[in-house]
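Overview (structure and organization)
Below are the chains, spelled out letter by letter.
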Amino acid sequence: MACEFILQLRKRQSIQRAIARQEKRKLNQYLKNFDKISYELMLDPQLLLDSFDECSKNVMWKRRVQYVNQHIIYYIMQLVEDLQKCELNTRKYRKFQINERGKIRDISSPDILERIIQHALYKNIVYPILTKCLIYDNGASIKGKGVKFSRDRMTKQLTDYCRKYGNKGWVVQFDFKKFFESLNHEIILDQLRKKIPDERIISLCKQILDKQGECGVGLGSELSQIIAIYYPNYIDHYFKDKLRVKYYERYMDDTRIICRTYEEAVFLYNKFTELAKKLKLTINQKKSKITKLENGFTFLKTKYLVSETGKITKISGRDSATRERRRLRMFKKRMNMCADITSKYYVDHVYIRDMYNSWRQYINTQFNAHNLLVRMDRYFYNVFGFYPIRVTKQERRERNEQRKYIMRNFELFHPSLKNNPYILYS
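Now for a description of the structure that goes with this document. Quantities reported herein were computed from a predicted structural model and do not represent experimental measurements. (Residues numbered from 1 in each chain as written. Predicted model: local features only at pLDDT ≥ 70, side-chain atom pairs only at ≥ 80, totals over all residues. Heavy atoms only, no water.)

So, on to the overall build of the protein. Counting its secondary structure elements, the protein contains 17 helices and 9 strands. Burial status across the protein gives 45% buried among its 426 residues. For the protein, restricting intrachain contacts to residue pairs at least 6 apart in sequence, the fraction spanning at least 24 positions comes to 71%. As displayed, the protein has an accessible area near 25200 Å², and 52% of this comes from carbon and sulfur atoms. (Helix = DSSP H or I, 4+ residues; strand = E, 2+ residues; numbered from the N terminus. Buried < 20%, exposed > 50% of the residue type's maximum accessible area, 1.4 Å probe, protein only. Contact = heavy atoms within 4.5 Å. Areas by Shrake-Rupley, 256 points an atom, 1.4 Å probe, with all protein chains shown as cover.)

A few words now on helix α5 (residues 72-84). With 13 residues, α5 extends 18 Å from end C-alpha to end C-alpha; this agrees with the ideal 18 Å at 1.5 Å per step. When α5 is considered as a whole, its buried residues turn out to be Ile72, Tyr75, Ile76, Leu79, Val80, Asp82 and Leu83. All buried residues of α5 lie within an arc of 165° about the axis, which places them on one face of the element. More than 90 degrees from the buried face of α5, the exposed residues found are Ile73, Tyr74 and Gln84. Buried residues along α5 sit against α3 (45-55), α4 (63-70), α6 (112-130) and α9 (199-210). Following α5 by one or two positions, Cys86 adopts a phi angle in the positive range, close to 60°. (Expected span 1.5 Å × (residues − 1). Arc of directions from axis to C-beta.)

Looking now at a nonpolar patch on the surface. Together, Tyr381, Tyr387 and Ile389 make up an exposed nonpolar region whose accessible area comes to about 310 Å². Tracing the backbone shows Tyr381 in helix α15 (residues 370-384). A relative accessible area of 35% places Tyr381 in the partly exposed class. (Patch = residues over 30% accessible without salt bridge, like charges linked within 9 Å, V, L, I, M, F, W, Y side chains within 5 Å. Salt bridge = Lys/Arg side-chain N within 4 Å of Asp/Glu carboxyl O.)

A separate point is the pattern of salt bridges. Tallied over the entire structure, the rule returns 18 salt bridges. When the shortest N-O distance is used, the salt bridge between Asp137 and Arg153 registers 2.7 Å. Separated by 16 residues along the polypeptide, Asp137 in the loop between α6 and α7 (147-165) and Arg153 in helix α7 bring together distant segments of the chain. Accessibility expressed as a relative area gives 3% for Asp137, which makes it buried. Lys240 is the salt-bridge partner of Asp137, the closest N and O atoms lying 3.0 Å from each other. Residue Asp137 is found in the loop between α6 and α7, and its partner Lys240 is found in helix α11 (residues 233-242); the two are separated by 103 residues along the sequence. Taken together, the shared-partner salt bridges connect Glu40, Asp198 and Arg200 into one network.

The next point concerns the side chain of Thr255. Here Thr255 is to be found in strand β5 (residues 254-259). Apart from the residues lying within four places of it in its own chain, the contact partners of Thr255 are Val172, Gln173, Phe174, Tyr248, Glu249, Arg250 and Phe272.

These values are about where atoms sit, not about what they do.
In structure tokens:
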């Protein structure tokens, strides 16, 4: 049985590698023929229509998106005519603010027609070219990477460092101040010209940037994300290729460097600051610092601790547990407020257990959080009076039968049952 499992695993891995090689060949072939098919891709009506289908996901309830969907052929042909003239005749950006976990962020939302153009430009031209030039240890907003990838890479770098030098060393931490708001448009266009030879694409990107103000790019756009990722790419290659810094990791505007001596850490800190000034970026003095490796450091809201034996411990931040406690108290209020199954505020213990166990499984797989989970399980018991054990098949079967009974005898219940999507459609 073990041999069969190993053979199946190797076969699955070989298939995945073959698919990855095939995608890489397609990308290389596309880059070879880039001079022939670069801007002409944007003039394809079918490509713009596919871009609208992807942009309209989960936002079809908006009035503007519904209106464009009703007259989609007219708007697609109008966009093709504008793109043939290298013009961008769309509405202004809608700017608003959101409170993301206590931090105010400025969002610039483009019109649906401009989102179609930006998505087509991002997916077919800008993304496959710029991601080809990024370093491997840059994992923000890239397909196949992300937060988990960057955390695992940091763990691997720490493991490799501790095997060679132990836990004696220094960590250089960098963070840019108002990163998206301080990106210079002229530098962005110069960077794009070095990689994209077609001046029509550069002209289209310039019109998109001019709509966002004199300086900076707005949050809420795919094109802004890839531009922000590529903007400090010169610094990444300078440290990786010229200075030969091995233990270097960046996620958007957060950078961590591991080095052996304090003198080397000071040199890298000064050099990073010097290169950032060339890109007209400002270093956040509160978050940028040099710390001892044995004292631990924070990266992507994860506390990394390295022991003398080389053991690496990842501790979750306090914010995650605080939000989960707040959500449990909210569920308790809803249970006390309404015990009527036909109400839209009704939640049962099975739903609460599923929500809590999903968060618990994430913390258990990503961090070393045994003590935290023990305290959270005790808190769960103090709030609800039962422990968050996994839901049995019998409990799920009873809940499904209850829902089926409600659907069969729908007219017997209160009309407010229509407003409870959990009971009917979950």
